[in-house]
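In case you want the letters, here they are:
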Amino acid sequence: MKVIVEKNTIIKSILIIVAAFFILSAANYYFTSQIDHLEDLTVELHSKNPPIKQGDRTIFQVLVYDKNHTPVENVKVEIKLTSKLYKTETLNRKFVHIEDGLYETDLQFFHHGEWEVAILLKKGLSKISKPFDLLVEK
């Protein structure tokens, strides 16, 4: 059995592959160019109900905005907390985007004292960490 492939079919297939490549490249450029560099972002960490106390459920809010003070909505935000007193005590949570660059999560601390905080921002393959210190009261 002899299979005959027309030149038009091959050319159409090549054009479809090239078009798909350019569409995917343009989409990737659009979504990654919305933020120039994660390092340029400003991150603010706030407790919605201060002071933070041992045993209480605490709502944390993170504000993320760019160098033009425009809220950033298309990043993944996580928090990692490590107790300075109990180095093995580590808490990790993901934030949920609320609106206009505002992200929120809640935590409960079972130990008081000083905590090291890292707010992790991720976009595509890029990620950075912004450090903070936190005090949990008895």
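The structure reproduced in this document is the subject of the present report. A quick note: this is a predicted structure, and the numbers were derived from the prediction, not measured.

Taken together, four strands build an open sheet; the order of strands is β1-β2-β6-β5 and the sheet is antiparallel. Edge positions in the sheet fall to β1 (42-47) and β5 (96-99), since each of these pairs with one other strand and no more. Here the strands of the sheet are splayed against their neighbours by 30° on average, with no regard to which way each runs. By the bridge criterion, six bridges tie β1 to strand β2 (residues 57-65) in an arrangement that is antiparallel. Bridge pairing in β2 links S47 to F60.

With that out of the way, let us pick up the pattern of salt bridges. Counting across every chain of the model gives six salt bridges. In this structure, K48 and E104 form a salt bridge, with 3.9 Å as the shortest nitrogen-oxygen distance. Within this pair, whereas K48 is found in the loop between β1 and β2, its partner E104 is found in strand β6 (residues 102-108), the two being separated by 56 residues in sequence. Linking K87 and E116 is a salt bridge whose minimum nitrogen-to-oxygen distance equals 3.7 Å. Highlighted residues: K87 in the loop between β3 (76-83) and β4 (90-94) and E116 in strand β7 (residues 113-123), separated in sequence by 29 residues. The class for K87 is exposed, based on a relative accessible area of 51%. Residues joined by salt bridges that share partners form a network here, namely K84, E114 and D133.

Attention now goes to the sheet that holds strand β8 (residues 126-136). Each strand in a sheet pairs with another by means of backbone hydrogen bonds, the pair being arranged parallel or else antiparallel. Spatially, four strands are ordered β4-β3-β7-β8 in an open sheet, and the strand pairing comes out antiparallel. Of all strands in the sheet, those with a lone pairing partner are β4 and β8, marking the two edges. Averaged over all neighbouring strand pairs, the angle between strand axes comes to 20°, with direction disregarded. Of the pairings in the sheet, the one linking β7 to β8 comprises 11 bridges and is antiparallel in character.

Analysis parameters
Residues numbered from 1 in each chain as written. Predicted model: local features only at pLDDT ≥ 70, side-chain atom pairs only at ≥ 80, totals over all residues. Heavy atoms only, no water. Pairing = 2+ DSSP bridges. Helix = DSSP H or I, 4+ residues; strand = E, 2+ residues; numbered from the N terminus. Axes fitted to C-alpha atoms, helices over the stretch in contact; angles between N-to-C directions. Salt bridge = Lys/Arg side-chain N within 4 Å of Asp/Glu carboxyl O. Buried < 20%, exposed > 50% of the residue type's maximum accessible area, 1.4 Å probe, protein only.

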